[in-house]
Each structure stands twice: as structure tokens, then as C-alpha cells.
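Reading the structure
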Amino acid sequence: MMNSRHAALEFIILCFNFFTMKNLLPFLLLALVFGGCQKDELPSAKYSFVKPAHFPEPVYPLDRNPVTKEGFELGKKIFGDPILSRDGSVACNNCHVKGVAFADPQHPFSIGVDEREGLRNAPGIANMAFMKEFMWDGGVHHLDFAPPNAIENPLEMDEKMTHVLWKMNQHGSYPALFRKAFPDMGDTITSPYLLFALSQYQNMLVSATSKYDHYKLGDANLTANELEGLALFEQKCAACHSGILFTNQEYRNNGLDSEFADLGRGKITESPDDMGCFKVPSLRNVELTKPYMHNARFKTLEEVLDHYASGVKPSATLADELQQNGTLGIPLTPTEKARIIDFLKTLTDHEFIQDTRF
Amino acid sequence: MKKFLLLTALFGALFLSACKDEEEAKDPGTFAITFDNMALINNVQQQLSLTTAGNTDYPYTNEMGQQFNITLLRYYISAIELDGPNGEHFHDHMEATAAGAKGYYLVDESKPASQEILLTDVPAGTYNKITFTVGVDSSGIVDGAAGGNLDPATCNMFWNWNSGYIAVKFEGQSPVSNGGVGGTETIAGTDPNGMAYHVGGWKNIPGGVFVYNNKRLSYTFDTNAKVESKLEPELHMVFDVQKLFGGHHAIDFTGNHNVHKPADGVDVANNLEHAFAYDHIHQ
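Residues numbered from 1 in each chain as written. Chains lettered and ligands numbered in written order. Predicted model: local features only at pLDDT ≥ 70, side-chain atom pairs only at ≥ 80, totals over all residues. Heavy atoms only, no water.

**Side note on the overall build of chain B**
When its secondary structure is counted, chain B shows 3 helices and 17 strands. Oriented by its inertia axes, the alpha-carbon framework of chain B measures out at about 95 × 45 × 35 Å. Of all 283 residues assigned to chain B, the portion counted as buried reaches 49%. Long-range pairs, those at least 24 residues apart, make up 74% of the contacts in chain B between residues at least 6 apart in sequence. Element-wise, carbon and sulfur atoms account for 53% of the exposed surface of chain B, whose accessible area totals about 13000 Å². (Helix = DSSP H or I, 4+ residues; strand = E, 2+ residues; numbered from the N terminus. Buried < 20%, exposed > 50% of the residue type's maximum accessible area, 1.4 Å probe, protein only. Contact = heavy atoms within 4.5 Å. Areas by Shrake-Rupley, 256 points an atom, 1.4 Å probe, with all protein chains shown as cover.)

**A look at the state of the cysteines**
Residue and element names in this part refer to chain A. Summed over the entire model, instances satisfying the criterion amount to 0 disulfides over all chains. Distance from the sulfur of Cys 95, which forms no disulfide, to the nearest cysteine sulfur (Cys 92) is 8.6 Å. Among the residues examined, Cys 95 registers a relative accessible area of 13% and is labelled buried. (Disulfide = S-S within 2.5 Å.)

**Digging into the nonpolar core**
Formed by 106 residues in total, the largest nonpolar core has its most connected members in Ile 78, Leu 84, Met 168, Phe 178, Phe 182, Leu 194 and Leu 344 of chain A. In terms of residue count, the dominant contributor to this core is helix 8 (residues 191-204) of chain A (8 residues). Counting the residues that make up this core, at least three belong to each of domain 2 (69-203) and domain 3 (211-353) of chain A. In contact with Leu 344 of chain A, not counting residues within four places along its chain, are Phe 233, Leu 283, Val 286 and Leu 301 of chain A. Tyr 60, Ile 77, Met 195 and Phe 253 of chain B belong to the second-largest nonpolar core, a separate cluster that totals 50 residues. (Core = buried A, V, L, I, M, F, W, Y, C linked by side-chain atoms within 4.5 Å. Domains from an automatic or database assignment.)

**Section: empty space enclosed by the protein**
Here the structure, examined in full by the defined rule, presents 1 cavity of 30 Å³ or more. What the largest cavity holds in volume is close to 80 Å³. Looking at the lining of the largest cavity, its residues break down into 6 nonpolar, 3 polar and 2 charged. (1 Å grid on protein atoms, 1.4 Å probe; cavity = no way out; pocket = protein on both sides within 12 Å on 5 of 7 lines; lining within 4 Å. Points joined across faces, edges and corners; volume = space filled by probe spheres on them. Nonpolar A, V, L, I, M, F, W, Y, C, P; charged D, E, K, R; others polar.)

**Points about the packing of aromatic side chains**
Scanning all chains against the criterion turns up 43 aromatic pairs over all chains. Consider the rings of Phe 132 of chain B and Tyr 219 of chain B, whose centres lie 6.0 Å apart with planes at 25°: the pair is stacked. Residue Phe 132 of chain B is located in strand 10 (residues 125-134), and its partner Tyr 219 of chain B is located in strand 14 (residues 215-227); the two are separated by 87 residues in the primary sequence. With a relative accessible area of 11%, Tyr 219 of chain B lands in the buried category. In this structure, Arg 265 of chain A packs its charged tip against the face of Tyr 251 of chain A, placed 3.9 Å from the ring centre. Above the ring of Phe 210 of chain B, the side-chain terminus of Lys 203 of chain B is found at 4.6 Å from the ring centroid. (Phe/Tyr/Trp six-rings, centres within 6.5 Å; stacked < 30°, edge-to-face > 60°. Lys NZ or Arg CZ within 6 Å of the ring centre and 35° of its normal.)

**Topic: the packing of helix 6 (residues 161-170) of chain A against helix 8 of chain A**
All names here are of chain A. Running from N to C, helix 6 and helix 8 point in directions that differ by 85°, and their axes come no closer than 10 Å. The angle between helix 6 and helix 8 falls in the class roughly perpendicular. Between helix 6, through Met 161, Val 164, Leu 165 and Met 168, and helix 8, the contact on the second element is made entirely by Ser 191, Leu 194 and Leu 195. (Axes fitted to C-alpha atoms, helices over the stretch in contact; angles between N-to-C directions. Parallel < 35°, antiparallel > 145°, perpendicular 65-115°, else oblique.)

Structure, rendered in C-alpha cells:
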């Protein structure tokens, strides 16, 4: 008893001695130095997921696959590596190009190996962390499961996941990069880690610094025309292209066709009510992501606005918003169309497409 | 001296309580389950034998009298629970992470080891009922990619286009089928007699439009299985392939024999209850 009490006393005295001013000084200095650095972002913060203040909570379970610098860099490397395709000719960024917000700048329908033409237009990949479902028909319920659709699609990469993994396991640098990014992974690269790396990269592709965002956050002004466009947009378009992501993430038929070459959502739910319905796309960076619609029907925003004003086709599943009071479409004057387009261009995020991390 | 007495008393109490515990609650044990894939031939139940595409021997007959053979049979069993007459209860541990999957078993006719499931840490007691899910429910898929039996690259049970796991995958041939199947592992589209039944659909949303084809099934045993540390009870379940095509709804091989989406798999899924059956227990 006596002994232990003595030891405790000794420890307290020791601590007291240590934290005299003389010993504290270097610590204080160190703290100052680090505190000073915080003005520029810490290197680690640049590579972790940060939710923009004016955005909703992410849908992706980031606690299950948190973004790390190593995982992000690995995902970026894979995204740009044609090793994912059968003949080493097609990478993810063939069809998802950074300069156009990760959409396809050239092809109405995407082009895969052997110049095979796909069935739909490649959408931009931004703000994926906030999306509930993926693809024009929402057939993919989780971002992790998006890549196999491209890799194993005969019209896109025409490869097998198992063969991609085999190639990566033989590769000069991938095994070490995977082990660094995922310390809990065993010796062999397996598909969940490949998918995790790609999701880490894609989760970081957050577009939240457009002119409109700066306006929302109070550090930029919109022009009178843009403000007019915003008001018209909120009145005529925001029922579907709603919120800060400019999509309610529902599946609607916006009247492109009366008969459906592509069943869209109907293929997934197998419900007659969903035939010819497609995911309401986000309109962020829409100025860059032409052509428009799942089937690349329109080349310009002017054509899109003309469609809503006078091109909407009737069908059993046509959205109610597009057939109010017995008239098809959304009434829009030429000036109103122009103002809405002025507004849509404020959604272009130059900081995003110039971000050197991506 | 006082201290010494106190210590002895304490240790004594500890020792006694340890002994008492051992007497009352027995240590948990294991519980083995074997899935025997069977079919009747001349009214005798026999183990299945798989064949390869192009073979024109058709050893099996469905409820409609149509002959067939089998080139692939694979299904998921998950979320196993055991119950006993005295309130015994065991729920298999479930986990789906990148490092692996626990509680999701992929029974494959071509891999005998996959037909034997060993449950561990089952509380001691008697059990007379098993419940399991055929397929992979949302807990195994909503959160994203996982490894082990759920690895989408290697399980060969994953739908990319409508992300989720196929619950039951059957491929084979029948002389009455007119072939032309796609998206298969063992049968070519050119096979004039090919058949594919890929039964999936996991989104179980009340009032929703999705077709849910996973099945939660329960079977009771005619004898109690006794579990404790030194015992090794083994349950034999039977999966009767002919009842996969009958029982609830007779499947006509001249009809849709190229099943690749939830709505087309409903009839086969409804037959699962009859295809599985309790057979016997080795104690």
C-alpha cells in the first residue's frame, strides 16, 4: 500500500517538473508553426471528402469507404487506365472527360472498344456522392456498382472483372498501390477494393463552385438576365430539376417520344407506369455536357428549350407537369427561353473542371 | 492476517462461481448443414449429376413430363436462424465488408465443399427449426461492394444492369426448349435446347413496384438437434430440382426458358418453398 502511494506521488512530481515553462516553450513554438500552416489547407484535407456547406448530406456511406489520399490517387489512376478494357484501348475517361465535367465531349452515343456504339449518351460525373441511384434508368443503386457496367458491357469495355483483376495483380505498380491505399487488403487485389478506389475518386468529384454557388453563398452577384432566368427556372423547371443538385432524383418521361425504343426506368421496375421514364439529370455544368438527353436528341440548350416549349410528345407515361390544362409542354416565349439559358450557364463550374487534383 | 483471510475468501468465491457456471450453462457448439441437391429418377431420389452443354441425355423430368438436364445450379443461402422448443435461438452473424462476407453462403452443385455450411458459436441447447433466406437481402448489398461470397467479380451471381445478386441460377437443356438463351455461363445462345433461369430481385419495398424474389423459408425437424461443445449435429436439407419447376407453379420449358429479370422469375421463385425440404439429422 505504502509503496504504490509513493509511486503516484513521484509521478505527479515528475509531470510537474516536465511542464515547467522551460519544457513547454518548444511545444508552444511548434503549435504556432502548425497553426500558421492552417491558412493554406492541410495536405490531408485536400484529399478528404468535404461536404459543401450548402449541399445535403452525402448518400454514399463514406464511413465504410472513407476517402484517403492514397485511395483517391489510385482511383484516379484506374479511371484513366485502359487496362480496364479488353484490348487496352478504352479508359473510363474516354467517355467521361474532365474538361466537360466528365461527360463525353464528342459522341451522341458513347463509343467503346472496336468503335462499338453504345445505347445512351454518357452523363457527366459530378456530385455522385449525393446521388441515390445511377444510370439513366437508375438500375445501379450504389456508386460502387457503376464501374462493372462499363467494364463488362460488350459495347463499352468488353472485359471481365476477373480478368481486369488478374491483369492488375500481375502489374508492376498496382499491387503496391492497392496495399498502400487499403492496408487491410490481403496479398491479392480483389474487386471490392478496385471498386472502392474508383468510388473514392468519383466521390471527390464535387462540383459546388459555379457562379450560382458563389451567388448562393453570398459572394457573387448574378446579372439581371441571370436572375430573371433563375426566377423562370424555379417556376417552370424546378418541379423536377430541384434543389441544389438540380434533380429530384426521380424518373420521369419528359416527352421525347410517344413510343419508347429505350424503356428506361420501366426496364428496371418492370412497371407499365415507368415505361419511357428516365432519371431527371442534374443540370450542373449543363453548358458543357452536350448533347442532351439519354438518347442525345438535342445538340444545344436552345433545342432543349424549344423541346419543352413546343416539342413535347404525348404518351401514357408523360409527366403531368408537361401537360397542364390540356396543352402539351411548358409555355415559354423566346425571351424566356434565352433568360433560362443565361441562368443555366451560371451552373458552369470552371474551378471544378480546372481542379488539378482531378 | 486479516488481509490474508480476506484474500482467501475472495479467491475462494471466484473459484466457486467459476465451477458453478460450468455446471449450469454448457459451452456453445457447432451446427452443420448439408444441402443435398437431388432429383427423382425412376421414383428414386438421387444426387444430381451435372452435365455439359451439348449432351443429349436428359435424365430428369419436370412436372409437365418434359425432360431436361442440368449444366449449372447455384444458389445463395443467408441469414440462417435456428430455434428450439425451450426458447433457444441462434442468429448467424452477418457481415458484408470489402475484406469478406459472413453469413452469406453460395451453394454450388459443382463445388461439393460449398454444400456444407458450418455454423459456429451456437448456444448449447436443442433445436428443431431452421429459417433461412434464399438470396441476398438488402443488408448484403445496399452499402456497396463486398468480398468473399459476395464479391461481384467472382460470385457469378451479380446483375450489373440492375445491381443485385441473383438468388438462384439454373442452366440446362431440354429437348422441348427452343434455345436462344443469352447471358449464360454454360449454355451458348446457339444451343437449340438451352435454358436459363436466373432468378433475382431483392428490393423488398412495401407498396413498391419492384418484384421481390428472395424467399424466407422455415422448416421444422422431426427430431431435435442437440448442440453443445462436444457434439456435432448435422442437418441434411434437400433441394429437389424437379420441384423447382413444379409444386406451386408448373414451369413449361416450351414457354419462357430464358429468364433474366425479376418479373420473369416469379413462378420459379414461388416454387422454392417446395424445392427445399428437411430430410434428416445426424446427431
